[in-house]
Amino acid sequence: MIVWFTSGLIMSLLPIDTVHGDHRIDRDAEPVLSAAQAFAPVPALLSAAGAPVRQLQHRVLLGRPVVEAQLAAGGVRLLDARTAAVLPPIDAATAGIIAKRAYRGKAVAPTMERIERASTEYRGALPAWRASFADDDATRIYVAAETGRLTSVRTGTWRLYDFFWGLHIMDWTQHERFNTPWLKAFAAGGLVFGVAGAILLFMRWPRRRRKAQGVRQGAA
């Protein structure tokens, strides 16, 4: 119970913007689309995707207008918004540039690593590139390899929060399940203790004792 209450207190004391890493990255580093730009027609984009498309989304990537084609069968195909040409997946060098442009700290080259599997630190789009910066917060920026989007930022504050979050929900492996047997047991136990404590408090309330004593004295 002490661990449960302590973890909740610590999480409430950590500023949520700092936990999200907003002090480390600029999520709006890319410019917006310009109405003066000429874009490829939608039929050309659908044809270039090479598969049934669920959605087309225009955006800017490193100053270049691109289109994310969300395929009906899953996955994303990145297209040039002006020519409808299929663009290659994001490589380590490009992902590093994207991360550096968004990073608010000193502009140093990050260490790049390709991520193929989800972990407790990252459960975003895969595959992805992890850009690790050598700052005092051990900042890591994740960039989706298919789209070049900034998907997550992880800092020392986030890891501290996540550690206590895992303790609070009592999921020490995945840090995301609310229905673990431990949590159910402690929640039920806390409810029983709370109800029992309320009953005992009512039974031992001073006014009740004084009333009982008064009745006994009157009878005497």
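Notes on the structure in this doc start here. Predicted model only: the values in this text are computed from it and were never measured.

Leu61, Leu78, Ile90, Ala99, Phe133, Ile141 and Val143 are the most contacted members of the largest nonpolar core, which has 18 residues in total. Mapped onto this core, the elements with two or more residues apiece are helix H4 (92-102), strand S5 (128-132) and strand S6 (140-144). No other element matches the 4 residues that H4 contributes to this core. Leu61 has contacts with Glu30, Val66, Leu78, Ile90, Ile98, Thr147 and Gly148, leaving out every residue within four places of it along the chain. Formed by 9 residues, the second largest nonpolar core is a distinct cluster that contains Ala49, Ala69, Leu71 and Ala81.

With that settled, the discussion passes to the pairing of S6. Counting buried positions along S6 yields 4 of 5 residues, so the element is predominantly enclosed. Looking at chain direction, S5 and S6 are connected through 5 bridges and run antiparallel. When the bridges of S6 are listed, Trp129 appears paired with Val143. Here S6 runs beside strand S7 (residues 150-154); their pairing, made up of 4 bridges, is antiparallel. What sits directly across from Ile141, in S7, is Val153. A loop of 5 residues connects S6 with S7, the two strands running antiparallel in sequence, and Gly148 in this loop sits at a positive phi of about 75°.

Attention now moves to the pairing of strand S1 (residues 53-61). Pairing geometry for S1 and strand S2 (residues 64-71), over 8 bridges, is antiparallel. Following the sheet pairing, Leu56 is matched in S2 by Ala69. Remark: 2 residues form the turn of the hairpin made by S1 and S2, two consecutive strands paired antiparallel; Leu62 in that turn has positive phi of roughly 55°.

Pairing in this open sheet of 4 strands is antiparallel, and the strands run S4-S5-S6-S7 from one edge to the other. The outermost strands of the open sheet, each flanked by one partner alone, are strand S4 (111-115) and S7. Each strand of the sheet is rotated relative to its neighbour by a mean of 20°, with strand direction disregarded. Sheet contacts for H4: S4, S5, S6 and S7; angle to S6, the most-contacted strand, approximately 125°.

This paragraph deals with the side chain of Asp171. Positionally, Asp171 belongs in the loop between helix H5 (156-169) and helix H6 (181-203). Here the side chain of Asp171 touches Glu176 through a polar contact of 3.1 Å, landing on its backbone nitrogen. In this structure, Asp171 is in contact with Gly166, Glu176, Arg177 and Thr180, ignoring residues within four places of it in sequence.

Turning to the environment of Arg54, a few remarks are in order. Position of Arg54 relative to the elements: it lies in strand S1. Through-space distance from the C-alpha of Arg54 to that of Leu167 is 40 Å; in sequence the pair is 113 residues apart. For Arg54, the contacting residues outside a window of four places in its chain are Gln70, Leu71 and Ala72. In terms of polar contacts, Arg54 uses its side chain to reach the backbone carbonyl oxygen of Ala72, at 3.0 Å.

Parameters and conventions
- Residues numbered from 1 in each chain as written.
- Predicted model: local features only at pLDDT ≥ 70, side-chain atom pairs only at ≥ 80, totals over all residues.
- Heavy atoms only, no water.
- Core = buried A, V, L, I, M, F, W, Y, C linked by side-chain atoms within 4.5 Å.
- Buried < 20%, exposed > 50% of the residue type's maximum accessible area, 1.4 Å probe, protein only.
- Helix = DSSP H or I, 4+ residues; strand = E, 2+ residues; numbered from the N terminus.
- Contact = heavy atoms within 4.5 Å.
- Pairing = 2+ DSSP bridges.
- Axes fitted to C-alpha atoms, helices over the stretch in contact; angles between N-to-C directions.
- Polar contact = N/O pair within 3.5 Å; in protein donor to acceptor, adjacent residues only side chain to side chain.

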